[in-house]
Amino acid sequence: QNSSGLSVLQKHVSFFDRNHDGIIYPKETFEGFRAIGCGVALSTTASAFIHAGLSQKTRPGKAPSPLLPIEIVNIKLSIHGSDSGVYDSEGGFVASKFEEIFSKHAKQHPNALTSDELKEMLTANREPKDFKGWLAAESEWKILYDLCKDKEGLLQKDIVYSVYDGSLFERLEKEHSKTKNNK
Ligand code: HEM
Ligand SMILES: [Ca+2]
């Protein structure tokens, strides 16, 4: 936690809480994906999978809800295996783990990952038989890469940094609304 009272992981997901009531519904996740420029197909699929996978984890002791709400207060309970370890178990940011991504895997350029280096990182992060974690981590990183790779196909360190606290999403939304209005 920090001055805003939210953990870094809570900030990552708060962008998708479009009406700021602390609960994310599938429609809000869909709208958030659309706002940063994702297509209808990806936005629909991602929203469906994220809510089916995370809703109940964030509602301990409650009966499952068919509306698939995600409660931001409990978002740390949805942390999975086979991740980078940049989020600690409280949803805080572990700077040394963030630096490790690049010190271990960024070989061609010190401050960026190629597509192959990203794949190597995902393989290295895999915990045995943690199939759900593998899928979750691969989806998170693939969407980030597809959305944010530069012209040379590199995923820059500053972009990766800004995904963790969700400030990336705010920036993408601003950029996307500009290009929309110019058309
Ligand atoms: C375009 C949208 C999104 C992108 C690109 C994205 C990307 C990422 C990335 C790269 C990580 C870090 C994984 C790691 O450190 O190995 C992450 C973690 C996480 N994301 Fe997202 N995310 C997005 C949307 C969402 C949404 C909508 C939710 C839930 C409402 C969510 C929940 C989480 C959670 C709970 C984690 C922690 C998982 C862990 O580290 O074990 N994300 N995300
Ligand atoms: Ca909401």
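Residues numbered from 1 in each chain as written. Chains lettered and ligands numbered in written order. Predicted model: local features only at pLDDT ≥ 70, side-chain atom pairs only at ≥ 80, totals over all residues. Heavy atoms only, no water.

### Concerning the pattern of salt bridges
Our working definition: When a carboxyl oxygen of Asp or Glu is within 4 Å of a side-chain nitrogen of Lys or Arg, the pair counts as a salt bridge. Under the scheme used here, helices are H or I runs from DSSP no shorter than 4 residues and strands are E runs no shorter than 2 residues, and both carry numbers assigned from the N terminus.
Scanning the model with the defined rule gives twelve salt bridges in all. For E138, the salt bridge goes to R126, with nearest N and O atoms at 2.6 Å. One end of the pair, E138, is in helix α6 (residues 131-148); the other, R126, is in the loop between α5 (115-125) and α6, with twelve residues separating them in the sequence. Each of R59, K62 and E71 takes part in a single network of salt bridges with overlapping partners.

### Things to note about the site of ligand 1
Let me state the cut-off plainly: We call a residue near a molecule or strand when any one of its heavy atoms sits within 4 Å of it. Polar contact is defined as a pair of N or O atoms within 3.5 Å, subject to the rule that within protein one atom must be able to donate a hydrogen and the other to accept it, and that residues adjacent in sequence are counted only when both atoms are side-chain atoms.
Taken together, 24 residues form the shell around ligand 1, and within it H12, H80, D83, S84 and Y164 come nearest. Separating a nitrogen atom of ligand 1 from a side-chain N or O atom of H12 is a distance of 2.9 Å. Between ligand 1 and S84 there is a distance of 2.5 Å, counted from an oxygen atom to a side-chain nitrogen or oxygen. Mapped onto the shell around ligand 1, the elements with two or more residues apiece are α1 (8-14), α2 (26-35), α3 (40-54), α6 and α7 (157-164).

### Some thoughts on the coordination of the iron atom of ligand 1
Put simply, the rule is: As a rule, N, O and S atoms within 2.8 Å of a metal are its donors, except that Na, K and Ca use 3.2 Å; water is not among the atoms, so sites may look incomplete.
No protein donor other than H12 (NE2) coordinates the iron atom of ligand 1, and that contact is at 2.1 Å. Positionally, H12 belongs in helix α1.

### What about the coordination of the calcium ion (ligand 2)?
Inclusion rule: Sites are called tetrahedral only when four donors show all angles between 85 and 135 degrees, square planar or octahedral only when four or six donors show opposite pairs over 155 degrees and all other angles between 65 and 115, and irregular in any remaining case. Whether a residue is buried, partly exposed or exposed follows from its accessible area with a 1.4 Å probe, protein chains only, as a fraction of its type maximum: under 20%, in between, or over 50%, in that order.
Those donors, D17 (OD), N19 (OD1), D21 (OD), I23 (O), E28 (OE) and E28 (OE), are the protein atoms that reach the calcium ion (ligand 2), and they lie 2.2 to 2.6 Å from it. Every donor counted, the six donor atoms about the calcium ion (ligand 2) form angles of 52 to 161 degrees at the centre, which fits irregular coordination. Counting the intervening residues between successive donors of the calcium ion (ligand 2) yields the motif D-x1-N-x1-D-x1-I-x4-E. Here E28 lies in helix α2 and D17 lies in the loop between α1 and β1 (23-24), a separation of eleven residues in the sequence. Of the two residues, D17 and E28, both sit in the buried class.

By themselves, these observations are geometric and do not establish any function.
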